[in-house]
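Understanding the architecture of this molecule
Below are the chains, spelled out letter by letter.
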Amino acid sequence: MSEDLHNLYQDIILDHNKRPRHYGVLTDYTHTAEGYNPLCGDKITVFLIVEDTLIEAIQFEAACCAICKSSASMMTEVLTGKTLDEAESACQRVAELLSMDMDLTADLSKDGEIAALAGVRKFAARIKCATLPWHTYRSALDG
Ligand code: ZN
């Protein structure tokens, strides 16, 4: 990864950490779940309003590190207005981007800001920080 790209990814993560989107308790939610990452101490609660197969709204509250908060913030932007199938594809793409085994190149133009999460791959201990929000989203759906 080039130095410029690395810096760009870092800027995206810092921006989401500083100004998390869709942050706070969502009233009238249809689904919710809490996630915990004991490796780092990250705690997150995800709230969803799902109508039929559409994610009408998604918000989160968290006491967590920058990577976790930023990943959660990106997740809420990506999943708002998506169908459950589209959301599942996005979850799988994030898992791919964070997979150590795959020599995948992330692409900002194709993946959008979640491409920045690929930068976390270098720090194996932090991968769970980035995946926690997405796992918690799935737990909320599963009830
Ligand atoms: Zn963390």
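Coordinates for the structure precede this section.
Quick summary incoming for the structure in this document. Just so you know, the residues in each chain are numbered from 1, in the order the chain's sequence is written. Thresholds applied to this predicted model are a pLDDT of at least 70 for local features of residues and 80 or more for the giving and counting of side-chain atom pairs; totals over whole chains, interfaces and linings are not thresholded and use all residues. In computing side-chain values, all of the structure's heavy atoms are included and hydrogens and water are not.

**What to know about the coordination of the zinc ion**
Defined as follows: Keep in mind that water is not among the atoms, so a site may look incomplete; donors are the N, O and S atoms within 2.8 Å of the metal, or 3.2 Å for Na, K and Ca. Categorising residues by exposure relies on relative accessible area from a 1.4 Å probe, with only protein chains included: less than 20% of the type maximum marks a residue as buried, more than 50% marks it as exposed, and the intermediate range marks it as partly exposed.
Bound to the zinc ion on the protein side are Cys40 (SG), Asp42 (OD), Asp42 (OD), Cys65 (SG) and Cys129 (SG), at distances that span 2.2 to 2.6 Å. When its relative accessible area of 0% is taken as the criterion, Cys129 is described as buried.

**Remarks on the packing of aromatic side chains**
Let me state the cut-off plainly: Here the aromatic set is Phe, Tyr and Trp, taking the six-membered ring for Trp, and pairing holds for ring centres within 6.5 Å; pairs whose planes are under 30 degrees apart are stacked, those over 60 apart are edge-to-face, and all others are tilted. Strands are runs of DSSP state E lasting at least 2 residues, helices are runs of H or I lasting at least 4, and numbering of each runs from the N terminus.
Going through the model one piece at a time under the given rule, you end up with 2 aromatic pairs. Judged by centre distance (5.0 Å) and plane angle (90 degrees), the ring pair of Tyr23 and Phe60 falls under edge-to-face. Residue Tyr23 is located in the loop between α1 (3-18) and β1 (31-37), and its partner Phe60 is located in strand β3 (residues 54-63); the two are separated by 37 residues in the primary sequence. Judged by relative accessible area, which is 37%, Tyr23 ranks as partly exposed. Here Tyr29 and Phe47 contribute two aromatic rings whose centre-to-centre distance is 5.3 Å and whose plane-to-plane angle is 50 degrees, an arrangement assigned as tilted. With Tyr29 in the loop between α1 and β1 and Phe47 in strand β2 (residues 42-51), this pair connects stretches of sequence that are 18 residues apart. With relative accessibility at 41%, the residue Tyr29 sits in the partly exposed group.

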